[in-house]
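Topology and contacts: notes
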Amino acid sequence: MLCLWPSNCTIVSVMLKIRRSEDNGHAIFALSGRIEERHVPELHELLDAETKPTEVTLDLTEVKLVDREAIRFLAACKARGIDLKDCPSYIRRWIEQGSDISHEP
């Protein structure tokens, strides 16, 4: 059986969506999609803009895929005391296995 890709279909690149909310002064960033190295600088900026960076949660419920730099970023966030809510088990394992954390958020 031969299957052909329809000529009118296009591949949409997967992106990262970030939604910020607040709960009693605690900032919550809900991330969804794919976190790649190219997103890390923007995430750094968002965290740096917070007046109380230790009162931040990254909600990872809808994160589907991460690359190595994203793992380093998330590991550094965790080390700083930033809560990683609903972190997928495979991401948590990679963080716990130890990344070479050379970048601070």
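Residues numbered from 1 in each chain as written. Predicted model: local features only at pLDDT ≥ 70, side-chain atom pairs only at ≥ 80, totals over all residues. Heavy atoms only, no water.

Scanning the protein from terminus to terminus reveals three helices and four strands. Reading the secondary structure of the protein in the N-to-C direction produces β-β-α-β-α-β-α. Burial analysis of the protein (105 residues in total) assigns 36% to the buried set. Within the protein, contacts between residues at least 6 apart in sequence are counted, and of these 65% link residues at least 24 apart. (Helix = DSSP H or I, 4+ residues; strand = E, 2+ residues; numbered from the N terminus. Buried < 20%, exposed > 50% of the residue type's maximum accessible area, 1.4 Å probe, protein only. Contact = heavy atoms within 4.5 Å.)

The residue N24 is not glycine, and still its phi comes out positive at about 55°. Position of N24 relative to the elements: it lies in the loop between β1 (16–23) and β2 (26–35). Relative accessible area serves as the criterion here: at 78%, N24 is assigned to the exposed category. Positive phi outside glycine occurs at D86, with the angle close to 50°. By the element assignment, D86 lies in the loop between β4 (83–85) and α3 (89–97).

Read from one edge of the open sheet, four strands run β1-β2-β3-β4, paired in mixed fashion. A strand with exactly one partner marks an edge of an open sheet, and here the two such strands are β1 and β4. Each strand axis lies, on average, 25° off the axis of its neighbour in the sheet, ignoring direction. Helix α2 (residues 68–79) contacts β2, β3 (56–66) and β4 of the sheet and is inclined by roughly 160° relative to β3. Seen against the sheet, α3 touches β3 and β4 and runs at an angle of roughly 105° to β3. (Pairing = 2+ DSSP bridges. Axes fitted to C-alpha atoms, helices over the stretch in contact; angles between N-to-C directions.)

Time to look at the pairing of β3. With eight bridges joining them, β2 and β3 adopt parallel strand pairing. Counterpart to S32 in the pairing with β3 is E62. Both β3 and β4 contribute to a ladder of three bridges, which runs parallel. Counted as the bridge partner of L58 is L84 from β4. Since β3 and β4 lie parallel, the crossover through α2 that links them has a hand, and here it is right-handed. (Right-handed = clockwise from strand over helix to strand, strands pointing away.)

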